[in-house]
Amino acid sequence: MVLKTMLDQARARLYEAARHLDITADVLEKLKSPRETTQARLVIRMDDGASKSYPAWRCRYDDTLGPTKGGIRFHPDVSIDEVETLAFLMTMKCALINLPFGGAKGGVQVDIHNLSATEQERLARRYVQCFAKVIGPNRDIPAPDVYTNSTIMAWMADEYAAIVGEVTPAVITGKPIALGGSLGREDATARGGYYLLLHQAQKLGLRPGARVAIQGFGNAGKHIAQLLGAAGFRIVAVTDSKGGVQCSSGLDVDKLISAKRQGRSVTSLAGSDGVCTLPADELVSVNCELLVLAALEDMVHAGNAARIKAPVILELANAPITPEADKILNAKNIVVLPDILANAGGVTVSYFEWVQNRQGDSWPIEQVHARLKTKMEQEGDAVWTLAQEKGITLRSAAYVHALSRLAEAIEAQGTQRFLMG
Ligand code: NAD
């Protein structure tokens, strides 16, 4: 039996969405594979004088709607399949949230925990040297993703400026504020999911005081914990790559964040104030009303989906639920707010940053939040209505919504029916 790639699995969702729309074959022909994937080996000098090399990729999946957009991930498990899959998801996400962007993704196969800060800087700069012809403010615009951050974006923007001979802040988003970053970018992914959740809370049966379990306590996970905690939700369990903690009366989110800031795992809180350890793989089966997935892909699979007790799942991570697990959750009537909608806040504020850079402007935080809230609520309502009308899951509806926008744009360039009469 030939095992399906991640990209095959993701594409299956595209073909399923196409069944609900009257689109020409040209659309799927264009979207079935990436437009271009570039591969390089990044050779850098280590602090001890030795050379080391790391495989790296940049995929521009589709640019029908505009320059391609997507983060760069530094992770030991990054592969071409993962990068192309995430670039595909970005294509659907940008279409769904109605941004003038196509989808892209980049990655370097590296464990940054083994690199010093200066080695990380050399790696970030080498990435841009190798992919300088691929990226550009009107061509392909990177951003942070797993294990990359605003400082890494600053190094990359600086390297790009050195190569092209002009300061070009719009080439990359997620920069530090002092270098043209947007206010509100730091917590945008979580905030977008939070606005969506609050807007649909009544329909989802969620009330303040509801118990929340969060998988992953990085950028997306810690900010959703802060926002939901401040809104009166009870964060009863969290995990990171080292393990987890739980407390039925609610964890102290500030203490968790301060532990992470000091380089410790969330597990370091165990033993104090009624906080107990929780094996990472038990997070999904914690008793709660809301499960937030904010770590990596494929964390909910056929082997653990049946153990989920939460009636609602918010996907802040990309592709955290496999298609087999989706079927199990659907059969259990668990509502999933799907990744391409739920985590679109990040790329939305990235788009705001790109617009501000091109305008030479900087928007107040209230403007960023208000515009983000409007987008999440509008597109969230559209997806919800489509799901009701067609009797399909929110994930299928999200794909139908995104695909209908892409199809309209692709068909606007002429179809076989139009050209051949
Ligand atoms: P991050 O690197 O800041 O955090 C990742 C977190 O996941 C870390 O706390 C890590 O310890 C944890 N983790 C890793 N393996 C785990 C495991 N097995 N169990 C539990 N936790 C584990 O990354 P991030 O930016 O927060 O991204 C998280 C997810 O959200 C990714 O899928 C990313 O693609 C997606 N996402 C992020 C953004 C953004 O703007 N940051 C935007 C859209 C989507």
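So, how was this worked out
Residues numbered from 1 in each chain as written. Predicted model: local features only at pLDDT ≥ 70, side-chain atom pairs only at ≥ 80, totals over all residues. Heavy atoms only, no water. Helix = DSSP H or I, 4+ residues; strand = E, 2+ residues; numbered from the N terminus. Rg over C-alpha atoms; globule rule 2.2 N^0.38 Å. Buried < 20%, exposed > 50% of the residue type's maximum accessible area, 1.4 Å probe, protein only. Contact = heavy atoms within 4.5 Å. Near = heavy atom within 4 Å. Polar contact = N/O pair within 3.5 Å; in protein donor to acceptor, adjacent residues only side chain to side chain. Nonpolar A, V, L, I, M, F, W, Y, C, P; charged D, E, K, R; others polar. Pairing = 2+ DSSP bridges. Axes fitted to C-alpha atoms, helices over the stretch in contact; angles between N-to-C directions. Disulfide = S-S within 2.5 Å. Right-handed = clockwise from strand over helix to strand, strands pointing away.

Here the focus is the overall build of the protein. Along the protein, the regular secondary structure elements total 15 helices and twelve strands. Computed over its C-alpha atoms, the radius of gyration of the protein comes to 21 Å, within 12% of the 22 Å expected for a compact globule of 421 residues. Judged by the C-alpha coordinates and their principal axes, the protein covers about 60 × 60 × 55 Å. Relative to its full complement of 421 residues, the protein shows a buried share of 57%. Across the protein, every contact between residues at least 6 apart in sequence was considered, and the portion connecting residues at least 24 apart equals 70%.

In this model, Asp 273 sits at a positive phi of 50°, which is unusual for a non-glycine residue. The residue Asp 273 is located in the loop between helix 9 (253-261) and strand 9 (276-278) in this model. Even without a glycine there, the phi angle at Ala 319 is positive, about 50°. Following the sequence through the fold, Ala 319 ends up in the loop between strand 11 (312-315) and helix 10 (323-331).

Around the ligand, the surrounding shell holds 23 residues, and the nearest of these are Thr 189, Asn 219, Ala 220, Ser 241 and Asn 318. At 3.3 Å from an oxygen atom of the ligand is found a side-chain nitrogen or oxygen belonging to Arg 185. Leu 316 is positioned such that a nitrogen or oxygen atom in its backbone is 3.4 Å from an oxygen atom of the ligand. Here the shell around the ligand is built from residues that sort into ten nonpolar, nine polar and four charged.

Our focus in this paragraph is the sheet that holds strand 2 (residues 51-62). Strands in a sheet are paired, the pairing made by backbone hydrogen bonds, and the direction either parallel or antiparallel. Taken in spatial order, the five strands of this open sheet run 1-2-4-3-5, and their pairing is mixed. The open sheet has two edge strands with one neighbour each: strand 1 (36-45) and strand 5 (140-144). Within the sheet, the average angular offset between the axes of one strand and its neighbour, ignoring direction, is 20°. Bridge analysis of strand 3 (residues 68-74) against strand 4 (residues 102-108) gives five bridges, and the strand direction is parallel. Note on strand 4: the bridge partner recorded for Arg 73 is Gly 107.

This part is about the state of the cysteines. According to the stated counting rule, one finds zero disulfides in the structure shown. Free of any disulfide, Cys 59 has its nearest neighbouring cysteine sulfur in Cys 94, separated by 13 Å. Taking relative accessible area as the criterion, Cys 59 reaches 0% and is therefore assigned buried. Free of any disulfide, Cys 247 has its nearest neighbouring cysteine sulfur in Cys 276, separated by 7.2 Å.

Residue position: Phe 233 is located in the loop between helix 8 (219-230) and strand 7 (234-240). Among the residues examined, Phe 233 registers a relative accessible area of 7% and is labelled buried. When the C-alpha positions of Phe 233 and Ala 210 are compared, they lie 5.2 Å apart, and in sequence the two are 23 residues distant.

This paragraph deals with the pairing of strand 3. Across the seven residues of strand 3, seven count as buried, placing the element largely inside the fold. Handedness of the crossover is the feature at issue here: the chain leaves strand 3, passes through helix 3 (residues 80-96), returns alongside strand 4, and the resulting connection is right-handed. Here strand 3 runs beside strand 5; their pairing, made up of five bridges, is parallel. Its bridge partner lying in strand 5, Lys 69 is registered against Ile 141.

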